[in-house]
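# Remarks on the overall topology
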Amino acid sequence: SYTLNQAIEDGVLIPVSVDRVRLIPPQRIIVMTAAVAEAFDQPTLQHIWDAYCAWFATAHLLPEEEQLFAIEVDGQTVWVMEDASAITILKPEDW
C-alpha cells in the first residue's frame, strides 16, 4: 500500500507548519495536498487550522455523519481529516 512517507517523497502530500493550538500525539504530522499548497498562503492555512481546532473541541458531540470538518475559504471547500498517522488538509476533489 502507498504510505504516508511515499506520498511526501512523491510530493503528493506536503508537511504543514502551523501553530498547534491543540495537542497532537508526536507521531502524527500535519500534511496538505499539493492542490492546497498551491491554493493557499501560510496565513490562510493557519486560519483553516485554527478553525479546525475550534471545531475539534466539540466534534465528539456531533452525530458520526457530521464528524468531517469542512470550511469554505476563498470560495473553495477545504476538509481536514485525521487517521492514525497524519492529519491531512485537502480539497474534496483530492479525496
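What comes next is a walk through the structure. These figures come from a predicted structure and were not determined experimentally.

## Remarks on the sheet that holds strand β5 (residues 86-90)
Pairing within the open sheet is mixed, and its 5 strands lie in the order β1-β2-β5-β4-β3. Pairing within the sheet leaves two strands with one partner each, and these edge strands are β1 (13-15) and β3 (69-73). Strand-to-strand, the axes of this sheet are offset by a mean angle of 25°, without reference to chain direction. Note: β1 against strand β2 (residues 29-33), 3 bridges, orientation antiparallel. Paired with L13 across the bridge in β2 is T33. The sheet contacts of helix α3 (residues 42-59) involve β2, β3, β4 (76-82) and β5, and relative to β3 the element is tilted by about 145°.

## As for unusual backbone geometry
Even without being glycine, D74 reaches a positive phi, approximately 50°. As for its position among the elements, D74 is in the loop between β3 and β4. Note on D74: relative accessible area 62%, which makes it exposed.

## Considerations on the nonpolar core
A general tendency of soluble globular proteins is for nonpolar side chains to be buried together. Ranked by internal contacts, the top residues of the largest apolar core, which has 18 residues, are I30, F40, I48, W49, V80 and I89. If one sorts the elements of this core by residue count, α3 sits on top with 5 residues.

## Brief notes about the environment of F56
Relative to the helices and strands, F56 resides in helix α3. A sequence separation of 12 residues divides F56 from L68, and the C-alpha atoms of the two residues are 9.7 Å apart.

## Regarding the layout of surface pockets
Of the pockets and cavities examined, the largest pocket occupies roughly 360 Å³. If you trace the largest pocket, you find 17 residues lining it, with L4, L13, D83, T88 and W95 closest to the centre. The biggest single contributor to the lining of the largest pocket is β5, with 3 residues.

What counts as what
Residues numbered from 1 in each chain as written. Predicted model: local features only at pLDDT ≥ 70, side-chain atom pairs only at ≥ 80, totals over all residues. Heavy atoms only, no water. Pairing = 2+ DSSP bridges. Helix = DSSP H or I, 4+ residues; strand = E, 2+ residues; numbered from the N terminus. Axes fitted to C-alpha atoms, helices over the stretch in contact; angles between N-to-C directions. Contact = heavy atoms within 4.5 Å. Buried < 20%, exposed > 50% of the residue type's maximum accessible area, 1.4 Å probe, protein only. Core = buried A, V, L, I, M, F, W, Y, C linked by side-chain atoms within 4.5 Å. 1 Å grid on protein atoms, 1.4 Å probe; cavity = no way out; pocket = protein on both sides within 12 Å on 5 of 7 lines; lining within 4 Å. Points joined across faces, edges and corners; volume = space filled by probe spheres on them.

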